[in-house]
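# Commentary on secondary and tertiary structure
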Amino acid sequence: MSQTFHIPGQPITAYVQRIEIKKLREGSNLILGFSIGGGIDQDPGQNPFSEDKTDKGIYVTRVTPGGPAEDAGLIMGDKIMQVNGWDMTMVTHDQARKKLTKKSEDVVRLLVTRKSLEDAVRKSM
(Lines give C-alpha, C1' and ligand atoms only; values in the text may rest on other atoms or scores of the structure.)
Protein backbone atom coordinates (compact mmCIF):
# COMPACT_ATOMS: atom_id res chain seq x y z
CA MET A 1 0.00 0.00 0.00
CA SER A 2 1.68 3.21 -1.10
CA GLN A 3 0.65 6.81 -0.88
CA THR A 4 1.73 9.42 -3.39
CA PHE A 5 2.34 13.04 -2.48
CA HIS A 6 2.81 15.35 -5.42
CA ILE A 7 1.61 18.46 -7.20
CA PRO A 8 -0.73 17.64 -10.09
CA GLY A 9 1.05 18.04 -13.42
CA GLN A 10 4.51 17.65 -11.83
CA PRO A 11 6.59 14.45 -11.97
CA ILE A 12 6.50 12.33 -8.82
CA THR A 13 9.93 12.40 -7.17
CA ALA A 14 9.32 10.12 -4.19
CA TYR A 15 6.57 8.12 -2.58
CA VAL A 16 5.88 6.53 0.78
CA GLN A 17 5.80 2.76 1.15
CA ARG A 18 4.82 0.62 4.15
CA ILE A 19 6.85 -2.58 4.43
CA GLU A 20 6.46 -5.41 6.92
CA ILE A 21 9.43 -7.74 7.37
CA LYS A 22 9.13 -11.03 9.25
CA LYS A 23 12.51 -11.74 10.80
CA LEU A 24 14.10 -15.09 9.94
CA ARG A 25 15.20 -17.10 12.98
CA GLU A 26 18.63 -18.74 12.74
CA GLY A 27 19.48 -20.20 16.13
CA SER A 28 19.41 -17.30 18.58
CA ASN A 29 19.72 -14.72 15.77
CA LEU A 30 16.90 -12.87 14.04
CA ILE A 31 17.79 -12.05 10.43
CA LEU A 32 16.31 -9.06 8.58
CA GLY A 33 18.36 -9.40 5.40
CA PHE A 34 19.43 -5.80 4.87
CA SER A 35 22.08 -3.28 5.93
CA ILE A 36 21.72 0.41 6.72
CA GLY A 37 23.86 3.51 6.36
CA GLY A 38 23.53 7.05 7.60
CA GLY A 39 22.49 8.64 10.87
CA ILE A 40 22.95 12.02 12.52
CA ASP A 41 26.40 10.97 13.76
CA GLN A 42 27.64 9.96 10.28
CA ASP A 43 29.16 12.04 7.46
CA PRO A 44 26.31 12.62 4.97
CA GLY A 45 28.90 13.30 2.27
CA GLN A 46 29.73 9.58 2.35
CA ASN A 47 26.09 8.55 1.78
CA PRO A 48 25.58 7.62 -1.89
CA PHE A 49 21.80 8.07 -1.53
CA SER A 50 21.94 11.64 -0.12
CA GLU A 51 21.32 13.80 -3.19
CA ASP A 52 22.59 17.07 -1.71
CA LYS A 53 25.14 15.37 0.60
CA THR A 54 23.55 16.94 3.70
CA ASP A 55 20.84 14.32 4.37
CA LYS A 56 21.61 12.45 7.61
CA GLY A 57 18.72 10.01 7.25
CA ILE A 58 18.90 6.23 7.56
CA TYR A 59 19.11 4.49 4.19
CA VAL A 60 19.04 0.86 3.04
CA THR A 61 22.52 0.23 1.64
CA ARG A 62 22.26 -3.50 0.88
CA VAL A 63 19.47 -6.08 0.57
CA THR A 64 20.33 -9.79 0.78
CA PRO A 65 18.96 -11.67 -2.26
CA GLY A 66 16.22 -14.09 -1.16
CA GLY A 67 16.22 -12.69 2.39
CA PRO A 68 13.25 -11.49 4.45
CA ALA A 69 13.72 -7.82 3.44
CA GLU A 70 13.79 -8.61 -0.28
CA ASP A 71 10.73 -10.85 0.09
CA ALA A 72 8.92 -7.95 1.79
CA GLY A 73 9.76 -5.54 -1.04
CA LEU A 74 12.54 -3.43 0.52
CA ILE A 75 15.04 -2.09 -2.02
CA MET A 76 18.46 -0.50 -1.86
CA GLY A 77 18.17 3.27 -1.54
CA ASP A 78 14.94 3.26 0.50
CA LYS A 79 15.04 5.90 3.24
CA ILE A 80 13.71 4.57 6.56
CA MET A 81 11.35 7.09 8.17
CA GLN A 82 9.83 4.89 10.89
CA VAL A 83 10.46 1.51 12.54
CA ASN A 84 7.45 0.05 14.38
CA GLY A 85 6.08 3.57 14.84
CA TRP A 86 9.37 5.09 16.08
CA ASP A 87 10.58 8.20 14.22
CA MET A 88 13.90 7.47 12.49
CA THR A 89 14.55 10.88 10.93
CA MET A 90 16.91 12.17 13.66
CA VAL A 91 18.69 9.11 15.08
CA THR A 92 22.29 7.94 15.25
CA HIS A 93 23.38 4.93 13.24
CA ASP A 94 23.55 2.84 16.42
CA GLN A 95 20.07 3.93 17.60
CA ALA A 96 18.66 2.89 14.21
CA ARG A 97 20.42 -0.49 14.35
CA LYS A 98 19.08 -1.16 17.86
CA LYS A 99 15.49 -0.29 16.85
CA LEU A 100 15.72 -2.70 13.90
CA THR A 101 17.30 -5.61 15.78
CA LYS A 102 15.21 -5.81 18.96
CA LYS A 103 15.17 -9.48 19.97
CA SER A 104 11.62 -9.17 21.36
CA GLU A 105 10.17 -8.28 17.94
CA ASP A 106 9.65 -10.92 15.24
CA VAL A 107 8.18 -8.40 12.80
CA VAL A 108 9.55 -5.02 11.75
CA ARG A 109 7.11 -2.53 10.24
CA LEU A 110 8.89 0.13 8.20
CA LEU A 111 7.71 3.36 6.68
CA VAL A 112 10.12 4.25 3.87
CA THR A 113 10.34 6.87 1.18
CA ARG A 114 11.43 5.73 -2.23
CA LYS A 115 12.49 7.62 -5.32
CA SER A 116 10.09 7.29 -8.20
CA LEU A 117 10.81 4.95 -11.08
CA GLU A 118 10.78 7.92 -13.47
CA ASP A 119 13.48 9.68 -11.41
CA ALA A 120 15.64 6.53 -11.26
CA VAL A 121 15.34 5.96 -15.01
CA ARG A 122 16.24 9.60 -15.78
CA LYS A 123 19.40 9.38 -13.62
CA SER A 124 20.51 6.13 -15.28
CA MET A 125 20.49 7.70 -18.77
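Everything numeric here is computed off the predicted structure, so don't read it as measured data.

### Section: the nonpolar core
Core analysis: the largest hydrophobic core is formed by 19 residues, its most contacted members being Ile21, Phe34, Leu74, Ile80, Leu100 and Leu110. Counting only elements with at least two residues in this core, the list comes to β2 (14-22), β5 (34-38), β6 (58-63), β7 (79-83), α2 (93-100) and β9 (107-115). Ignoring sequence-local partners within four residues, the contact set of Ile80 consists of Phe34, Ile36, Ile58, Val60, Met88, Leu110, Leu111 and Val112.

### Side note on the environment of Ile75
Structurally, the position occupied by Ile75 is in the loop between α1 (68-72) and β7. The partly exposed category is assigned to Ile75, whose relative accessible area is 40%. If sequence neighbours within four positions are ignored, Ile75 has contacts with Val60, Val63 and Arg114.

### With respect to the packing of aromatic side chains
Under the counting rule described, the total for this entry stands at one aromatic pair. Ring centres of Phe49 and Tyr59 lie 6.0 Å apart, and the angle between their planes is 20°; this geometry places the pair in the stacked category. One end of the pair, Phe49, is in the loop between β5 and β6; the other, Tyr59, is in strand β6, with ten residues separating them in the sequence. Given a relative accessible area of 24%, Phe49 falls into the partly exposed group. The ring centre of Trp86 lies 3.5 Å from the NZ or CZ of Lys99, which sits over that ring.

### With respect to unusual backbone geometry
Phi at Asn84 is positive, roughly 50°, even though this residue is not glycine. Locating Asn84 in the fold gives a position in the loop between β7 and β8 (86-87).

### Let's talk about the pattern of salt bridges
Taken as a whole and assessed by the stated rule, the structure comprises seven salt bridges. Across the pair Arg109 and Glu20 runs a salt bridge whose closest N-O atoms are separated by 3.1 Å. Residue Arg109 is located in strand β9, and its partner Glu20 is located in strand β2; the two are separated by 89 residues in the primary sequence. Taking the relative accessible area as the measure of exposure, Arg109 reaches 47% and is therefore partly exposed. You can call Glu20 partly exposed: its relative accessible area is 39%. Several salt bridges converge on common partners, so that one network encompasses Glu20, Lys22 and Arg109.

### A word on the side chain of Asp55
Within the secondary structure, Asp55 sits in the loop between β5 and β6. One polar contact links the side chain of Asp55 to the main-chain amide nitrogen of Gly57, over a distance of 2.8 Å. A distance of 3.1 Å separates polar atoms of two side chains, one belonging to Asp55 and the other to Lys79.

### Quick word on the confidence of the model for the protein chain
Per-residue pLDDT for the protein chain averages 85, and the proportion of residues at 70 or more is 82%. Averaged over each element, pLDDT in the protein chain is lowest for strand β1 (residues 2-4) (43) and highest for α1 (97). Low pLDDT, under 50, characterises residues 1-6; the stretch is placed with 13 contacts to residues that sit more than four places away or in other chains.

Definitions and cut-offs
Residues numbered from 1 in each chain as written. Predicted model: local features only at pLDDT ≥ 70, side-chain atom pairs only at ≥ 80, totals over all residues. Heavy atoms only, no water. Core = buried A, V, L, I, M, F, W, Y, C linked by side-chain atoms within 4.5 Å. Buried < 20%, exposed > 50% of the residue type's maximum accessible area, 1.4 Å probe, protein only. Helix = DSSP H or I, 4+ residues; strand = E, 2+ residues; numbered from the N terminus. Contact = heavy atoms within 4.5 Å. Phe/Tyr/Trp six-rings, centres within 6.5 Å; stacked < 30°, edge-to-face > 60°. Lys NZ or Arg CZ within 6 Å of the ring centre and 35° of its normal. Salt bridge = Lys/Arg side-chain N within 4 Å of Asp/Glu carboxyl O. Polar contact = N/O pair within 3.5 Å; in protein donor to acceptor, adjacent residues only side chain to side chain. pLDDT = per-residue confidence, 0-100.

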